[in-house]
Each structure stands twice: as C-alpha cells, then as structure tokens.
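Structural characterization, general
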Amino acid sequence: MRCSHEISSLASRAVHSAGQQQGHLAPRPEASQRIRKLFVVLQGAYGTAFLAKFSSGELNERREDKGVRAAQLVWDADLAKFTDDVIEAAFQNIKRECPEFPPSLPQFEKVCEALTPRKTYFEESGLLALPAPKVERLLDVPFELKGDDKDWARKIVARINHGDQTVTRHTRMAAMETLGMNQRGAAA
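No experiment lies behind these values; they were computed from the predicted model shown. (Residues numbered from 1 in each chain as written. Predicted model: local features only at pLDDT ≥ 70, side-chain atom pairs only at ≥ 80, totals over all residues. Heavy atoms only, no water.)

**With respect to the overall build of the chain**
Quick note on the threshold: Only DSSP runs of H or I covering at least 4 residues are called helices, and only runs of E covering at least 2 are called strands; the numbering of each starts at the N terminus. It only takes one pair of heavy atoms within 4.5 Å for two residues to be counted as in contact.
When helices and strands are tallied, the chain shows nine helices and zero strands. Reading the secondary structure of the chain in the N-to-C direction produces α-α-α-α-α-α-α-α-α. Of all intrachain contacts in the chain linking residues separated by at least 6 positions in sequence, the fraction that spans at least 24 positions is 57%.

Okay, here's the thing in structure tokens:
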C-alpha cells in the first residue's frame, strides 16, 4: 500500500514532467494499461463528464491533457493494490449504482475495497490453517422400519451396533430411551 505522500509526489512529478519537453528528462511515467482502459470505459459510460473532472486544458507534445494524464497516474498508484477482477467488478457496480455522475477516486476505491475478498485471521497473520477434517460417509446400515415415530431411534441404534462411533452419548441415550432399552440392551 502506498502512503499518501508518495501519491502526492507522484502526482506532482507527473504534472511537472508533462510540462517538460521530451528528451530533456528521463522517460515520463506512464499509467498502467488497465488504468488507461478504465479511463476509456468510464469516459464511455459517463461521457465527457468523467474526463472534465481532471482536464486542465493544457496539452503535452502528444496532444494529451496534462490533468487527465496526471489523474491516470494518481489512480494507477492508488488502485495498484486491487486485482483486475476487483476493478472490473467495481466498474460494473458503480455504473449500476451511480448512473448519473462519474465516480471520484475515493468513491471508486471504496467500492473496490468492498468487493475485495476478505482474508481470514490466519491468512492475515501468516499462520498455517489446519487441514480440513476428513468427513466419512455415515454408515448405511440396515434396520427394520416399523412406520411409527420411533424409526429414527432404530436407525441410530443400528448405527451404534455396526460400530459407528460418531453418535454422541446423549443421542444414544435418547434413542435407547425411546425404544425402551436399557444402556446395554439389544436393538429393538
């Protein structure tokens, strides 16, 4: 994550270098292709209202507006922490939720943050997660259905008799009590 002073200095360097003649300075910084594309689709969705937010009226030697170019660099620096999928989803969300007015950078960033998949405590702390428990299929045991309200208990007792150790003590006691068995009784 970049600090705000880094973004500010990036913006001032972009404006300064945009005003210089090419060849006197090192190559000018360029916004990433994804941010240039984002500006194109935002302009397509909102028309000139989007670019008018950044336009300075001054053109560089490539006939690009210096304000728009500087805005692209600032957006690029601020949105670098988000994946392409998050930026695409944020654009779709903004377009649907705010069709009248183009978003500002803070608005767009808030939508990106809301759409970013959350990390677990273990992922944020760099801890290893425990492996997923191995789930075994419950025993498919035969038992005699009698069609009364006690078939659930017969199924539990049949599982116990076939060696299922996942049945809790309380469940076993309830099933046996329902069937009128003592704790050591045979299946009903």
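**Some details on the nonpolar core**
Filter applied, for reference: What makes a nonpolar core is a set of buried Ala, Val, Leu, Ile, Met, Phe, Trp, Tyr and Cys residues whose side-chain atoms join them at distances within 4.5 Å. Note on exposure labels: buried denotes an accessible area under 20% of the residue type's maximum, exposed denotes more than 50%, and partly exposed covers the range between, all computed with a 1.4 Å probe on protein chains only.
By size, the foremost hydrophobic cluster in this structure holds 25 residues, and its most contacted members are Leu38, Phe39, Phe50, Trp75, Leu79, Phe108 and Cys112. Put simply, the parts of the chain that give this core at least two residues each are helix 2 (33-46), helix 3 (48-52), helix 4 (66-79), helix 5 (84-97) and helix 6 (105-115). Excluding anything up to four places from it in sequence, Leu79 contacts Arg34, Ile35, Leu38, Ile87, Leu105, Phe108, Glu109 and Cys112. Ranked by size, the runner-up nonpolar core spans eight residues in total, among them Ile156, Val157, Val167 and Met181.

**Looking at helix 8 (residues 151-161)**
Given 3.6 residues per helical turn, the α-helix brings residues three or four places apart onto the same face. Looking at helix 8, one finds that the buried residues are Asp151, Ala153, Arg154, Ile156, Val157, Ala158 and Arg159. Buried positions along helix 8 lie against helix 9 (169-178). Backbone geometry just after helix 8 places Gly163 at a positive phi near 95 degrees.

**A look at helix 5**
Heads up, the rule is: Multiplying one less than the number of residues by 1.5 Å gives the expected span of a helix.
Between its first and last C-alpha, helix 5 extends 20 Å over 14 residues, near the 20 Å set by a 1.5 Å rise per residue. Inspection of helix 5 places Val86, Ile87, Ala90, Phe91, Asn93 and Ile94 among the buried residues, and these make up the whole buried set. For helix 5, the secondary structure elements touched by its buried residues are helix 2, helix 4 and helix 6.

**Considerations on the side chain of Asp65**
What counts is decided by this rule: Here Asp and Glu are counted as negative and Lys and Arg as positive; His is not counted, and neither are the chain ends. The salt bridge criterion pairs a side-chain nitrogen of Lys or Arg with a carboxyl oxygen of Asp or Glu, the two atoms within 4 Å. Side-chain atoms alone can form a polar contact between residues adjacent in sequence; in general such a contact is a pair of N or O atoms within 3.5 Å, and within protein one must be able to donate a hydrogen while the other accepts it.
With respect to the secondary-structure elements, Asp65 resides in the loop between helix 3 and helix 4. Despite its burial, Asp65 pairs with no opposite charge, the nearest such side chain being Lys66 at 9.2 Å. In terms of polar contacts, Asp65 uses its side chain to reach the backbone amide nitrogen of Gly57, at 3.0 Å. Setting aside residues up to four positions removed in sequence, Asp65 forms contacts with Phe54, Ser55, Ser56, Gly57, Glu58 and Leu59.

**Quick word on the confidence of the model for the chain**
Should pLDDT be low for a region, the predicted coordinates there are not to be read in detail. Stated formally: Looking at any residue, its pLDDT shows the predictor's confidence there, from 0 to 100.
Of the residues in the chain, 80% reach a pLDDT of 70 or more, and the chain-wide mean stands at 82. Ranking the helices and strands of the chain by mean pLDDT puts helix 6 first, with 95, and helix 1 (residues 4-19) last, with 57.

**Considering the environment of Lys53**
In this fold, Lys53 is placed in the loop between helix 3 and helix 4. Judged by relative accessible area, Lys53 falls into the partly exposed class, the value being 40%. The spacing of Lys53 and Val68 is 15 residues in sequence and 8.4 Å in space, taken between C-alpha atoms. Discounting chain neighbours no more than four positions away, the residues touching Lys53 are Pro102, Pro103 and Ser104. Reaching out from Lys53, the side chain makes a polar contact with the backbone oxygen of Pro103 at a distance of 3.2 Å.

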